[in-house]
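In case you want the letters, here they are:
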Amino acid sequence: MSLPSTIEDWPEYHWRGVMIDVARHFIPLPLLKRTLDGMAMARLNTLHLHLTDAESFRVELHDTHNFPQLSNLAKLSSSSGETYSLRDLNEVIQYASALGIDVVPEVDVPAHVQSWAKTYPELVIMCEKAADVVGRTPRNVYTLDISSPRTIALVQEIISQIMTVFTSSTSSHQHHYIHLGGDELHMDCWDESEFMLQELQRRYNNTDYQAKRAMYTAFESTVMEYVSSKFGMKSI
């Protein structure tokens, strides 16, 4: 005996995601696509792709007039040559879009940037005292000099090249977010940069925690506003 019935079903959570740390463990494109297939079968809808960290910078970027060494970020940070071109990234986005999956790229700043130091040593504070504190992973402590306008310009150029791949996608599926890291920022690292201390004093009349926090907040706000105004996307 069969009775008329209707089944209504929906996911409990809007964000149903997987984070893959390709900065530390490179994943070839075919395996990334296979992962996306599995995500679709399991009704997962967000791939958080962790592209940069202290260990490596995985995306091959183009040199520009202001940053003629930008392509070295990926080349010099990965001795194995395991990187993704912007075309590779576009391929992942297109494949994910066809499955209804958002791709959230992560550019981890302002800490976790040791991989940037070979190309832009003048913009990375290699704070040996702060990195030598028991319980810390030294390579994660080194931070960008966020007091420098050139640092802001570099971060914006990196984000621009990566986000352009998303906005130029021919898919009708919309991607909504970029992840800016922000974790494990040890502000005592800045105490080892004379220029940073001078800028803190000039802007906030102090070099204490509150002044450092204000400078970090200003940095994040500037980058987030750039993402929102230029690409119409939200920052995490």
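Residues numbered from 1 in each chain as written. Predicted model: local features only at pLDDT ≥ 70, side-chain atom pairs only at ≥ 80, totals over all residues. Heavy atoms only, no water.

Draft legend 1. Focus on the overall build of the protein. In terms of helices and strands, the protein carries 8 helices and 7 strands. Dimensions of the protein, computed from the C-alpha atoms along their principal axes, are close to 80 × 40 × 35 Å. For the protein, the residues scored as buried account for 48% of the 236 residues in total. A separation threshold of at least 6 residues defines the contact pool for the protein, and within that pool the share at least 24 residues apart is 78%. Surface accessibility of the protein: about 12300 Å² in total, with carbon and sulfur atoms responsible for 52%. Averaging the locations of the 19 positively and 30 negatively charged side chains of the protein gives two centres separated by 3 Å. (Helix = DSSP H or I, 4+ residues; strand = E, 2+ residues; numbered from the N terminus. Buried < 20%, exposed > 50% of the residue type's maximum accessible area, 1.4 Å probe, protein only. Contact = heavy atoms within 4.5 Å. Areas by Shrake-Rupley, 256 points an atom, 1.4 Å probe, with all protein chains shown as cover. Lys, Arg positive; Asp, Glu negative; His and termini not counted. Charge placed at Lys NZ, Arg CZ, Asp CG, Glu CD.)

Draft legend 2. Molecular detail of the packing of helix α7 (residues 194-204) against helix α8 (residues 209-231). Where α7 contacts α8, the axes come no closer than 10 Å and their chain directions differ by 90°. By the angle class used here, α7 and α8 are roughly perpendicular. Contact with α7, carried on its side by Met196, Glu199, Leu200, Arg203 and Tyr204, involves Ala211, Lys212, Ala214, Met215 and Ala218 of α8 and no other residues of that element. Classifying every residue of the contact of α7 with α8 gives 7 nonpolar, no polar and 3 charged. (Axes fitted to C-alpha atoms, helices over the stretch in contact; angles between N-to-C directions. Parallel < 35°, antiparallel > 145°, perpendicular 65-115°, else oblique. Nonpolar A, V, L, I, M, F, W, Y, C, P; charged D, E, K, R; others polar.)

Draft legend 3. A look at the state of the cysteines. All chains considered together, the criterion is met by 1 disulfide. At a sulfur-sulfur separation of 1.9 Å, the disulfide partner of Cys127 is Cys189. The sign of the S-S torsion, about -95°, decides the handedness of the disulfide formed by Cys127 and Cys189: left-handed. Here Cys127 is found in the loop between β4 (124-125) and α4 (128-131), whereas its partner Cys189 is found in the loop between β6 (177-181) and α7, with 62 residues between them in sequence. Just as Cys127 is buried, Cys189 falls in that class too. (Disulfide = S-S within 2.5 Å.)

Draft legend 4. Up close: the packing of helix α6 (residues 149-167) against α8. Across the interface, α6 lies against α8 with an axial gap of 11 Å and an inter-helix angle of 30°. Classed by the angle they form, the pair α6 and α8 counts as roughly parallel. Our pair here, α6 against α8, has a crossing hand that is right-handed. Seen from α6, the contacting residues are Ile152, Val155, Gln156, Ile159, Ser160, Met163, Thr164 and Thr167; seen from α8, they are Phe219, Thr222, Val223, Tyr226, Val227, Lys230 and Phe231. Partitioning the contact of α6 with α8 into residue classes produces 9 nonpolar, 5 polar and 1 charged. (Left-handed = near helix turned anticlockwise from the far one by under 90°.)

Draft legend 5. Quick peek at the packing of aromatic side chains. In the structure shown here, the tally under the stated rule is 5 aromatic pairs. For the pair Phe57 and Trp116, a centre-to-centre distance of 5.8 Å together with 80° between the ring planes defines the contact as edge-to-face. In this pair, Phe57 sits in the loop between β2 (46-50) and α2 (72-77) while Trp116 sits in the loop between β3 (102-109) and β4, placing the two residues 59 residues apart along the sequence. Grouping residues by exposure puts Phe57 and Trp116 together as buried. (Phe/Tyr/Trp six-rings, centres within 6.5 Å; stacked < 30°, edge-to-face > 60°.)

Draft legend 6. Looking closely at the pattern of salt bridges. On inspection of all chains with the given rule, the structure shows 9 salt bridges. Ionic pairing is found between Arg24 and Glu55, a salt bridge with its closest N-O pair at 3.3 Å. Here Arg24, found in the loop between β1 (17-20) and α1 (29-41), pairs with Glu55, found in the loop between β2 and α2; they are 31 residues apart in sequence, far enough to count as distant. (Salt bridge = Lys/Arg side-chain N within 4 Å of Asp/Glu carboxyl O.)

Without other data, these values stay purely geometric and don't point to any function.
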